[in-house]
Amino acid sequence: MAGRRKKSTHIQEVRQIFEDNAPSAARVLCEMMESGEMTPTATVSAAKEVLERAVGKGPMTPEDKPDLPAKIIVKVVE
């Protein structure tokens, strides 16, 4: 069909919009975190978002979440 864009083009456009606005979004999160006007839960949430975007999520180990059931997978290679 003439005039229709490919789906991948839309995804690229959306990704570009987010990349262009990332610095502003980071500033907003930091300002919210530092404002002292948010609930403690909201402040922690903003801080987590800032950290995860800056350094990534840390590895999750069973020690991090002791209430989760652990799975052991054994692969036999002959």
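The structure we're discussing is the one just above.
The paragraphs below set out a description of the structure included in this document. (Residues numbered from 1 in each chain as written. Predicted model: local features only at pLDDT ≥ 70, side-chain atom pairs only at ≥ 80, totals over all residues. Heavy atoms only, no water.)

## Some words on the overall build of the protein
In terms of helices and strands, the protein carries two helices and zero strands. Within the protein, buried positions represent 4% of all 78 residues. When the accessible surface of the protein is split by element, carbon and sulfur atoms take 59% of a total near 7,600 Å². (Helix = DSSP H or I, 4+ residues; strand = E, 2+ residues; numbered from the N terminus. Buried < 20%, exposed > 50% of the residue type's maximum accessible area, 1.4 Å probe, protein only. Areas by Shrake-Rupley, 256 points an atom, 1.4 Å probe, with all protein chains shown as cover.)

## Some remarks on the pattern of salt bridges
A side chain of one charge can pair with a side chain of the opposite charge when the charged atoms of the two come close. Taken as a whole, this structure holds one salt bridge when the rule is applied. A salt bridge links glutamate 49 to arginine 53, with the shortest nitrogen-to-oxygen separation between them at 2.2 Å. One end of the pair is glutamate 49 and the other is arginine 53, both in helix 2 (residues 40-55) and four residues apart, which spans about a single turn. Accessibility expressed as a relative area gives 62% for arginine 53, which makes it exposed. (Salt bridge = Lys/Arg side-chain N within 4 Å of Asp/Glu carboxyl O.)

## Focus on a nonpolar patch on the surface
A cluster of nonpolar side chains, contributed by Ile72, Val74 and Val76, occupies part of the molecular surface with about 380 Å² of accessible area. Position of isoleucine 72 among the secondary structure elements: in the segment after helix 2. Assessed through its relative accessible area of 77%, isoleucine 72 is described here as exposed. (Patch = residues over 30% accessible without salt bridge, like charges linked within 9 Å, V, L, I, M, F, W, Y side chains within 5 Å.)

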